[in-house]
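Summary of the model geometry
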Amino acid sequence: MADARSAAAALRRWELENNVQEISADDAVYRLDLDEHVRQREAFAALNRQGRAPPKFFTKVRMSALALLKMVIHARSGGSLEVMGLMQGKLDGDTMVVMDSFALPVEGTETRVSAQMDAYEYMFQYLGWQKQVGRSEQTIGWYHSHPGYGCWLSGIDVGTQTTNQQYQDPFLAVVVDPVRTISSGKVEIGAFRTYPENYTPPASEFGLAAQNIPLAKIKDFGLHGNRYYQLEISYFKSSLDSGLLNRLWYTYWVNTLSSSPLVTNREYNAEQIDDLASKLDIAEGQLGRSVPNFTSDQRQPESQLQKLSRDCSRMTIEQVQGMMSEVVKDLVFNPKFGAAPSS
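Cut-off values and rules
Residues numbered from 1 in each chain as written. Predicted model: local features only at pLDDT ≥ 70, side-chain atom pairs only at ≥ 80, totals over all residues. Heavy atoms only, no water. Helix = DSSP H or I, 4+ residues; strand = E, 2+ residues; numbered from the N terminus. Buried < 20%, exposed > 50% of the residue type's maximum accessible area, 1.4 Å probe, protein only. Contact = heavy atoms within 4.5 Å. Areas by Shrake-Rupley, 256 points an atom, 1.4 Å probe, with all protein chains shown as cover. Core = buried A, V, L, I, M, F, W, Y, C linked by side-chain atoms within 4.5 Å. Polar contact = N/O pair within 3.5 Å; in protein donor to acceptor, adjacent residues only side chain to side chain. Phe/Tyr/Trp six-rings, centres within 6.5 Å; stacked < 30°, edge-to-face > 60°. Lys NZ or Arg CZ within 6 Å of the ring centre and 35° of its normal. Pairing = 2+ DSSP bridges. Expected span 1.5 Å × (residues − 1). Arc of directions from axis to C-beta. Right-handed = clockwise from strand over helix to strand, strands pointing away.

Bringing the overall build of the protein chain into the picture now. Scanning the protein chain from N- to C-terminus turns up eleven helices and eight strands. Within the protein chain, the proportion of its 343 residues that are buried is 40%. Partitioning the contacts of the protein chain with sequence separation of at least 6, the portion at a separation of at least 24 is 79%. For the protein chain, the accessible area works out to roughly 19300 Å², and carbon and sulfur atoms hold 54% of it.

And the structure:
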């Protein structure tokens, strides 16, 4: 009973940290109208052919907590390797709704994930099985993991997503970082779409939300950052999801209990410290070469140091959280204080 209560409390905390909203089981999001989905898809395709579709036509993503948890579990199972899967759902105006996700037998390294023939064969079989049991959700995107280096699209990812949007749009790309998810407790995730080929976004729209990109990845991150944009993600669940969500969560919770973020991420933590030290050396060199002036750019070096200070604070908080989780698990499973004396 204690384990069940602990798992339930942890699930509730996970939902709060990721702002999962509970909705009615009768909500329209759970009703799939294939004719309406096809109508919206064809209307979007017509706008594209006429050149009248806004570059950022889709701006939001609504994702079920079930799909989110399945992606996190899959990404975590890959360890240091990138893994990949597909997402299913529907369209709702300028919103892409992700109802479910499933893994593909694909692995990669660093910023390279390639879908091999066995993955395509598995994908078609899976979709066929879904139709046999009355599941008619449409494939609306793909996801993959970036273990330890943040949520963004590499040059390979941008090429893959551009091809997907060219031949099966509307299509969404999602990136999950399982290593940072373990460290922070909150799911590190991003949803993206590429801009049209001949479109250059204004300078004010360039760049993604602030995140710590490893020094070795900054070049790739910067080279392609103006070729795609990020969509806002929100999460939902209802009583319809409870059974599967609880079963999946128990598996995730057991794996979380049996591991320590400090041990699991020890290599990642060491790399983060080394990366931060290298960035500090570069920032110090830039400050040493700068000439004091009172132009509008005089705070630029300070801004860089502020970013590094924020990254350092984040790393410290993650380490403290890891130590706190170890203390809590020790108190729960190895009670030493206030125990009843043995007879």
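Our next topic: the nonpolar core. Judged by nonpolar contacts, the single largest core of 36 residues is most densely connected at Val61, Met63, Leu68, Val98, Leu172, Val174 and Ile189. Filtering out sequence-adjacent residues up to four positions away, valine 98 remains in contact with Val61, Arg62, Met63, Ser64, Ala67, Met87, Gln88, Ile140, Leu172 and Phe236. Leu104, Trp152, Leu153 and Phe192 belong to the second-largest nonpolar core, a separate cluster that totals 16 residues.

Attention now moves to the side chain of glutamine 40. With respect to the secondary-structure elements, glutamine 40 resides in helix α2 (residues 34-50). Since its relative accessible area comes to 15%, glutamine 40 is described here as buried. The residues contacting glutamine 40, other than those within four sequence positions of it, are Leu91, Asp92 and Gly93.

Before going further, it helps to spend a moment on the side chain of aspartate 169. With respect to the element layout, aspartate 169 can be found in the loop between α5 (155-168) and β6 (172-177). Judged by its relative accessible area of 17%, aspartate 169 falls in the buried class. There is a polar contact of 2.9 Å between the side chain of aspartate 169 and the side chain of arginine 193. If sequence neighbours within four positions are ignored, aspartate 169 has contacts with Arg41, Phe44, Asn48, Asn164 and Arg193.

With that settled, the discussion passes to the packing of aromatic side chains. Each aromatic ring pair is summarised here by two numbers: the centre-to-centre distance and the angle between the ring planes. Evaluation of the coordinates by the stated rule reveals seven aromatic pairs. Taken together, a centroid distance of 5.3 Å and an interplanar angle of 35° make the contact between tyrosine 195 and tyrosine 229 tilted. One end of the pair, tyrosine 195, is in the loop between β7 (188-194) and α7 (218-224); the other, tyrosine 229, is in strand β8 (residues 228-237), and 34 residues separate them in sequence. Of the two residues examined, tyrosine 195 and tyrosine 229, each falls in the buried class. Among the aromatic residues, those joined into a ring-pair cluster are Phe44, Phe57 and Phe58. Across the ring face of phenylalanine 236, the terminal group of arginine 62 is positioned such that the distance to the ring centre comes to 5.1 Å.

Our next topic: the pairing of β7. Within β7, six of the seven residues are buried, which leaves the element mostly enclosed by the surrounding structure. Note: β6 against β7, five bridges, orientation antiparallel. Residue alanine 173 lies in a different strand from β7, and its bridge partner there is phenylalanine 192. As paired elements, β7 and β8 share four bridges and run antiparallel to each other.

Our next topic: α2. Helix length check: α2 (17 residues) gives 24 Å between terminal C-alpha atoms against 24 Å at 1.5 Å per residue, within 8%. All of the buried residues in α2 are His37, Gln40 and Phe44. Buried residues of α2, seen end-on, are gathered within an arc of 70° and therefore sit on one face of the element. Exposed and oriented more than 90 degrees from the buried face of α2 are Asp35, Glu42 and Arg49. Here the buried face of α2 lies against β3 (82-92), β5 (138-145) and β7. Its side-chain oxygen at 3.1 Å from the backbone nitrogen of aspartate 35, aspartate 33 defines the N-terminal cap of α2. At the exit of α2 stands glycine 51, carrying a positive phi of roughly 70°.

As a further point, take the pairing of β5. Counting buried positions along β5 gives six out of eight residues, so the element sits mostly inside the fold. When β3 meets β5, the two strands line up antiparallel, connected through six bridges. The residue of β5 that forms the bridge with glycine 89 is glutamine 138. Note that β5 and β6 share five bridges and pair parallel. Residue pairing in the sheet places glycine 141 in a bridge with leucine 172 of β6. Taking the sense of rotation as the criterion, the β-α-β connection linking β5, α5 and β6 turns out right-handed.

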